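# Results of the structural survey
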Amino acid sequence: MLYKVQSRDGMTLTSTAFQNDTFIPIKYTCDDVGHNPPLTISQIPKNAKSLVLMVKDPDAPHQTFTHWVVYNIPPSTMQILEDQVPSDGIEGLNSVGQKGYVAPCPPSGTHRYVFSVYALDTVLDVVPDPEQQEIQQAMQNHVLDSAKITGLYKKITQ
């Protein structure tokens, strides 16, 4: 089944793995293989030059934890497959200072994991291996539309 959340302007971010504001299947977390879930982007603005994908946990103990950042994704990209970096996208650094997807693994309680996609009117020119904050700063005044889907997770071994 395909679940979606639509932005006000029309762009959508969907997943076949979970519905908005419901639990992410264990398969996509630290309690199993920890692959990124499949995502589908639709109704991308025609004048978009690139896409940015960010996955964040706003419920992390000290500050928002960035699980994944991919930028300069071609706007023709409509699918992000399970356990794959979007085609021709460039990974930035996550909150552990590495490239790649960090599976949800909250230390306690239920956390929200916000998967956001942004359509930009430019291709980002940033330093090599940028952190999420550098990507967000470069995106300022360039976002044409955005969409998100939020998954929940509580670690089984708590």
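The text that follows walks through the structure, step by step, so that each part is easy to find. (Residues numbered from 1 in each chain as written. Predicted model: local features only at pLDDT ≥ 70, side-chain atom pairs only at ≥ 80, totals over all residues. Heavy atoms only, no water.)

## Let's talk about the overall build of the chain
Formally: Numbering goes from the N terminus for both helices and strands, where a helix is a DSSP run of H or I of at least four residues and a strand is a run of E of at least two. We compute the radius of gyration over the C-alpha atoms and compare it with the globule rule, which gives 2.2 Å times the number of residues raised to the power 0.38. When a residue's accessible area, from a 1.4 Å probe over protein chains only, is under 20% of the maximum for its type it is buried; when over 50% it is exposed; and in between it is partly exposed.
If you tally the helices and strands in the chain, you get 1 helix and 10 strands. Along its sequence from the N terminus, the chain presents helices and strands in the succession β-β-β-β-β-β-β-β-β-α-β. Here the C-alpha atoms of the chain give a radius of gyration of 15 Å, agreeing with the 15 Å that 2.2 N^0.38 yields for 158 residues. Across the 158 residues of the chain, 46% fall into the buried class.

## Points about the pattern of salt bridges
To keep things clear, this is the line we draw: A carboxyl oxygen of Asp or Glu within 4 Å of a side-chain nitrogen of Lys or Arg is what we treat as a salt bridge.
Throughout the structure, instances matching the rule amount to 3 salt bridges. The residue K27 makes a salt bridge to E82 at a minimum N-O spacing of 3.0 Å. On the criterion of sequence distance, the pair formed by K27 in the loop between strand 3 (22-23) and strand 4 (39-42) and E82 in the loop between strand 7 (79-80) and strand 8 (90-91) is long-range, its members being 55 residues apart. Take K27: its relative accessible area is 36%, and that puts it in the partly exposed class. The shortest N-O distance in the salt bridge between R112 and D59 comes to 2.7 Å. With R112 in strand 9 (residues 111-120) and D59 in the loop between strand 5 (50-57) and strand 6 (65-73), this pair connects stretches of sequence that are 53 residues apart.

## Regarding the state of the cysteines
Working definition: the covalent bond between the sulfur atoms of two cysteines is a disulfide. The cut-off we apply is this: Disulfides are defined in this document as cysteine sulfur pairs within 2.5 Å.
Considering all chains together, one arrives at 1 disulfide under this definition. Put simply, C30 and C105 are joined by a disulfide, and their sulfur atoms are 2.2 Å apart. When the S-S torsion is 75°, as for the bridge of C30 with C105, the disulfide is right-handed. Taken together, the positions of C30 in the loop between strand 3 and strand 4 and C105 in the loop between strand 8 and strand 9 put the pair 75 residues apart, joining distant regions of the chain. For C30, a relative accessible area of 32% translates into the label partly exposed.

## Some details on the sheet that holds strand 6
Convention followed: Each pair of strands is called paired provided DSSP finds at least two bridges between the two strands. By definition, residues are in contact when any of their heavy atoms lie within 4.5 Å. Geometry is summarised by axes, namely lines fitted to C-alpha atoms with helices restricted to the contacting stretch, and by angles between N-to-C directions that run from 0 to 180 degrees.
The strand order 3-10-9-5-6-8 describes an open sheet built from 6 strands, whose pairing is mixed. The two strands at the open ends of the sheet, each matched to only one other strand, are strand 3 and strand 8. Relative to the sheet, helix 1 (residues 132-139) contacts strand 5, strand 6, strand 9 and strand 10 (143-153), its axis offset from that of strand 5 by approximately 135°.

## Things to note about the pairing of strand 10
Sheet topology places strand 3 next to strand 10; 2 bridges connect them, and they run parallel. Across the sheet, the residue bridging to T22 is G151, located in strand 10. Looking at chain direction, strand 9 and strand 10 are connected through 10 bridges and run antiparallel. Across the sheet, V117 pairs through a bridge with A147, a residue of strand 10.

## Focus: the packing of aromatic side chains
Counted only if it meets this: Note on aromatic contacts: the rings of Phe and Tyr and the six-membered ring of Trp form a pair at centre separations within 6.5 Å, being stacked when their planes are under 30 degrees apart, edge-to-face when over 60 apart, and tilted otherwise.
For the coordinates displayed, the defined rule picks out 2 aromatic pairs. Between F18 and F115, the aromatic rings sit 5.6 Å apart at their centres with planes inclined by 50°, giving tilted as the arrangement. Of this pair, F18 sits in the loop between strand 2 (12-15) and strand 3 while F115 sits in strand 9, and the two are 97 residues apart along the sequence. By relative accessible area, which is 1% here, F115 ends up buried. Pairing W68 with Y101 gives two aromatic rings, centres 5.5 Å apart and planes at 75°, and the pair type is edge-to-face. With a gap of 33 residues between them, W68 in strand 6 and Y101 in the loop between strand 8 and strand 9 connect regions that are remote in the sequence. We note that W68, like Y101, is buried.

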